[in-house]
Amino acid sequence: MRFTLSSSALNGRLQSLAKVINSKNSLPILECFLFEVSDQRLKITASDSENIMQSEMALDECDTNGNFAIPSHTILDAVKELPEQPLTFDIDTNTYSVKVIYQNGLYNFTAQNADEYPRTQAIPDSATALTINSTTLADNISRSIFATAQDELRPVMNGIYFDLKADCLAVVASDGHKLVRNQNFGIKSDTPAAFILPKKPALLLKNGLTKDGDDVVIRFDERMAEIKFKDNKLTCRLIEGKYPNYNSVIPQNNPNKMTIDRKGLIGALRRVLPFASESSQLIRLRLENNKLELSSEDIDFYTSAKEQMVCDYTGTPMSIGFKGGSLQEILTNFDCDDIVFELADPSRAGIIVPAEENGEESVLMLLMPMLLND
């Protein structure tokens, strides 16, 4: 079997697919990429048994169809150093010896029989389907993934929750201390459905999706999801279980509102945070008369810091404490200029939203407060 393709196109596909492969695999064959040549196209598959990612590309030349498995390290190292040029693969289907011919040289190595490679399970026709814009999906995952938990006792908290409802698609993540809720009002369904996407396939999507506005089609049932985008398909096992009622933890009546420059607040937080206790990272926010004061201290090391900022504040004067690292993560994962803090009292969660939103989407982040010792 002999076929020719672009070296840079192949390298691009292999680099993204390589993120699926684990350093230690239950089956030795999973250390390989599966190459399937059919009808002048090459389909490459990478798997860790729970996540299977496939990418297709057109071939410049091809003399016959066939399948084989190539050790991932071998082909990655061989291709990544080559400048853009045609690559010709020449495979002996009896001995699985592979010859890769490029402009000034060639590689020789041995492939494996593709029959040992585990096949993907088909998602049933009865599966729920939803279509989402690739830019929207990439943004929702990027904004949410930092808020997922690493909780062995509650595995449902370790993924991103997709909640398809009659009024919107909500994409939610929470670790019990912070919460992110993205609502997409252009996507809705009269038949409610939901799934929990684990962190690894979420990261694969975050890195693999292009923000070009193409449609991404997600089909899912109780156990599996199949996500198609561009020339790629990701099939993954879902986290099974019931996700907590995330709306119930969002305080509804928050009369104290502060509007402030997001980047300015991140800068102030970075300056004040190093002086906080390393264990608690407690940052105190004192709000009054259109003025915000951030302060921190570490009693053990006799360090403290204080900085004031101008803000637009309507409400009663109050002090509230937050974990500085978590607040910094939340602020960093917005992409707006100004944000609004909505607060009830120092014992209830603080809500952070963009100052301006388009009608198609709503983003809300929540952070639990820390106890202040006045």
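It should be emphasised that the depicted structure is a prediction, and the values quoted were computed from it without experimental measurement.

A tally of regular secondary structure across the chain gives six helices and 26 strands. Considering only C-alpha atoms, the chain reaches an extent of 80 × 50 × 35 Å along its principal axes. Here the chain holds 374 residues, and the buried ones make up 51% of them. Considering the chain, the positive charge centre built from 37 side chains and the negative charge centre built from 52 side chains are found 2 Å apart.

Moving on, we get to the packing of helix α5 (residues 262–272) against helix α6 (residues 324–332). Packed helices, taken two at a time, are described by their axes: the angle between them and the distance between them. At their nearest, the axes of α5 and α6 sit 10 Å apart, and the two run at 155° to each other. With respect to α6, the axis of α5 lies roughly antiparallel. Note that α5 runs across α6; the crossing there is left-handed. Between α5 and α6, the residues in contact are R262, L265, I266, L269 and R270 and G324, L327, Q328, L331 and T332, respectively. For the contact of α5 with α6, the per-class residue count stands at five nonpolar, three polar and two charged.

Glancing now at empty space enclosed by the protein. A full pass over the atoms with the stated rule returns one cavity of 30 Å³ or more. The computed volume of the largest cavity comes to approximately 30 Å³. The wall of the largest cavity is formed by S134, L209, T210, D212, D214, V216, F229 and K230. Looking at the lining of the largest cavity, its residues break down into three nonpolar, two polar and three charged.

Another point: the nonpolar core. Residues F3, L10, F33, F35 and F89 are the most contacted members of the largest nonpolar core, which totals 60 residues. Leave out the neighbours within four places in its chain, and F35 touches F3, L10, L14, L42, K43, I44, G66, N67, F68, I70 and F89. Ranked by size, the runner-up nonpolar core spans 37 residues in total, among them A147, L265, F322 and L367.

The next point concerns helix α1 (residues 7–18). Taking 1.5 Å of rise per residue, twelve residues should cover 16 Å, and α1 covers 16 Å from first to last C-alpha, within 8% of that figure. Residues of α1 that are buried make contact with β1 (2–6), β2 (32–38), β3 (41–47), β4 (51–58), α2 (72–80) and β7 (86–91).

The topology assignment puts T210 in the loop between α4 (199–208) and β15 (215–220). With 75 residues separating them in the primary sequence, T210 and T135 have C-alpha atoms 7.0 Å apart. When residues no more than four places from it in sequence are discounted, the contact partners of T210 are S134 and K230.

When its volume is computed, the largest pocket comes out at roughly 360 Å³. Lining the largest pocket are 14 residues, with L282, R284, E297, I299 and N373 positioned closest to its centre. When contributions to the lining of the largest pocket are tallied by element, the ones reaching two or more residues are β19 (282–288) and β20 (291–298). Top element by residues in the lining of the largest pocket is β20. It accounts for four residues. Across the lining of the largest pocket, the residue classes tally to five nonpolar, six polar and three charged. Looking at the second largest pocket, its volume works out to about 260 Å³. Taken together, 17 residues form the lining of the second largest pocket, with Y161, A194, G241, K242 and Y243 sitting closest to its centre. The element contributing the most residues to the lining of the second largest pocket is strand β14 (residues 193–198), with three residues.

What follows is about the confidence of the model for the chain. Per-residue confidence for the chain gives a mean pLDDT of 94; residues scoring 70 or more make up 100%. Within the chain, strand β5 (residues 61–62) has the poorest average pLDDT of any element, 92, and strand β12 (residues 169–174) the best, 98.

Within the open sheet, the four strands sit side by side as β21-β20-β19-β23. Their pairing is antiparallel. Single-partner strands in this sheet number two, and they are β21 (303–310) and β23 (318–323). The sheet shows a mean angle of 20° between the axes of neighbouring strands, taken without regard to direction. Along the sheet, α6 makes contact with β19 and β23, crossing β23 at roughly 85°.

What follows covers the packing of α1 against α2. Closest axis-to-axis distance for the α1/α2 pair is 10 Å, and the angle between their directions is 140°. Considered as vectors, α1 and α2 are oriented oblique to each other. In the crossing of α1 with α2, the sense of the turn from one axis to the other is left-handed. Residues S7, L10, N11, L14, Q15 and A18 of α1 form the contact with α2, whose participating residues are I75, L76, V79 and K80.

The next subject is the pattern of salt bridges. In total, this model carries 19 salt bridges according to the counting rule given. Two residues, D231 and R13, come together in a salt bridge whose shortest N-O distance is 3.9 Å. Of this pair, D231 sits in the loop between β16 (224–229) and β17 (232–237) while R13 sits in helix α1, placing them 218 residues apart in sequence. Taking relative accessible area as the criterion, R13 reaches 22% and is therefore assigned partly exposed. In this structure, R286 and E288 form a salt bridge, with 3.6 Å as the shortest nitrogen-oxygen distance. Overlapping salt bridges bring together D175, K178 and E329 as one network.

Rules and cut-offs
Residues numbered from 1 in each chain as written. Predicted model: local features only at pLDDT ≥ 70, side-chain atom pairs only at ≥ 80, totals over all residues. Heavy atoms only, no water. Helix = DSSP H or I, 4+ residues; strand = E, 2+ residues; numbered from the N terminus. Buried < 20%, exposed > 50% of the residue type's maximum accessible area, 1.4 Å probe, protein only. Lys, Arg positive; Asp, Glu negative; His and termini not counted. Charge placed at Lys NZ, Arg CZ, Asp CG, Glu CD. Axes fitted to C-alpha atoms, helices over the stretch in contact; angles between N-to-C directions. Parallel < 35°, antiparallel > 145°, perpendicular 65-115°, else oblique. Left-handed = near helix turned anticlockwise from the far one by under 90°. Contact = heavy atoms within 4.5 Å. Nonpolar A, V, L, I, M, F, W, Y, C, P; charged D, E, K, R; others polar. 1 Å grid on protein atoms, 1.4 Å probe; cavity = no way out; pocket = protein on both sides within 12 Å on 5 of 7 lines; lining within 4 Å. Points joined across faces, edges and corners; volume = space filled by probe spheres on them. Core = buried A, V, L, I, M, F, W, Y, C linked by side-chain atoms within 4.5 Å. Expected span 1.5 Å × (residues − 1). pLDDT = per-residue confidence, 0-100. Pairing = 2+ DSSP bridges. Salt bridge = Lys/Arg side-chain N within 4 Å of Asp/Glu carboxyl O.

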